Amino acid sequence: MMKILLPIDGSDEALAAVRHAIRLVDEGLKASFVVANVQAPANLYEMVSAPDIGVLEEVSTSAGTHLLASAEALLRHAGLEFESEVGTGDPGHTLVDIAEGFACDMIIMQTSGSSDLRSALVGSVSHSVLHGAGVPVMLVKAVGD
């Protein structure tokens, strides 16, 4: 059985990539999944103003867990096995680390062709993952791009 990483950033495009992965299973692919979100590290202001670093980690993990909920619901509804992971750091590098840590065989993630800032950032993450990963990366273009 193939293990596939599904990076989730809370966008509709990320959920389109999850739906694409589910379609692949419907067509016969044997796979389990790792849904992952990467939170930015705390900035200096947050570190100085927080009562302790544990609070910052808890807030970051909670935010990431919340963003994974929709993808988890789609996979659960499809009856598919999955694990969840929230990381912190540079998204591209951290996703590559998560893929290696979970021994993923492939990464399926969104890309976007529109020009707004969010899409530009997603594009840079997918570019970083594409070039840093030691496994195949499938980029799913959102419908309408």
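Residues numbered from 1 in each chain as written. Predicted model: local features only at pLDDT ≥ 70, side-chain atom pairs only at ≥ 80, totals over all residues. Heavy atoms only, no water.

A. Looking closely at helix 1 (residues 12-26). In a regular helix each residue adds 1.5 Å, so 15 residues correspond to 21 Å; helix 1 covers 21 Å between its end C-alpha atoms and thus fits that length. Those residues of helix 1 not exposed but buried are Ala14, Leu15, Ala17, Val18, Ala21, Ile22 and Val25. An end-on view of helix 1 places all buried positions within 150° of arc, on one side of the element. Residues of helix 1 that are exposed and point more than 90 degrees away from the buried face comprise Asp12 and Asp26. A positive phi of about 120° marks Gly28, the residue just after helix 1. (Helix = DSSP H or I, 4+ residues; strand = E, 2+ residues; numbered from the N terminus. Expected span 1.5 Å × (residues − 1). Buried < 20%, exposed > 50% of the residue type's maximum accessible area, 1.4 Å probe, protein only. Arc of directions from axis to C-beta.)

B. Local environment of the nonpolar core. In this structure, Leu6, Phe33, Leu75 and Ile108 are the most contacted members of the largest nonpolar core, which totals 20 residues. Where this core is concerned, the elements lending two or more residues are strand 1 (2-7), helix 1, strand 2 (31-39), helix 3 (53-77) and strand 4 (106-111). Looking at this core, the element that brings in the most residues is helix 1, giving seven residues. Contacts of Ile108, omitting those with residues within four sequence positions, involve Ile4, Leu5, Leu6, Pro7, Ala17, Ala21, Leu24, Met138 and Val140. (Core = buried A, V, L, I, M, F, W, Y, C linked by side-chain atoms within 4.5 Å. Contact = heavy atoms within 4.5 Å.)

C. Broad picture of the pairing of strand 1. Here strand 1 lies mainly inside the structure; five of its six residues are buried. The parallel pair strand 1 and strand 2 is bridged by helix 1, and the resulting crossover is right-handed. Judged from the two bridges that link them, strand 1 and strand 4 form a sheet pairing that is parallel. Its bridge partner being in strand 4, Leu5 is matched across the sheet by Ile107. (Right-handed = clockwise from strand over helix to strand, strands pointing away. Pairing = 2+ DSSP bridges.)

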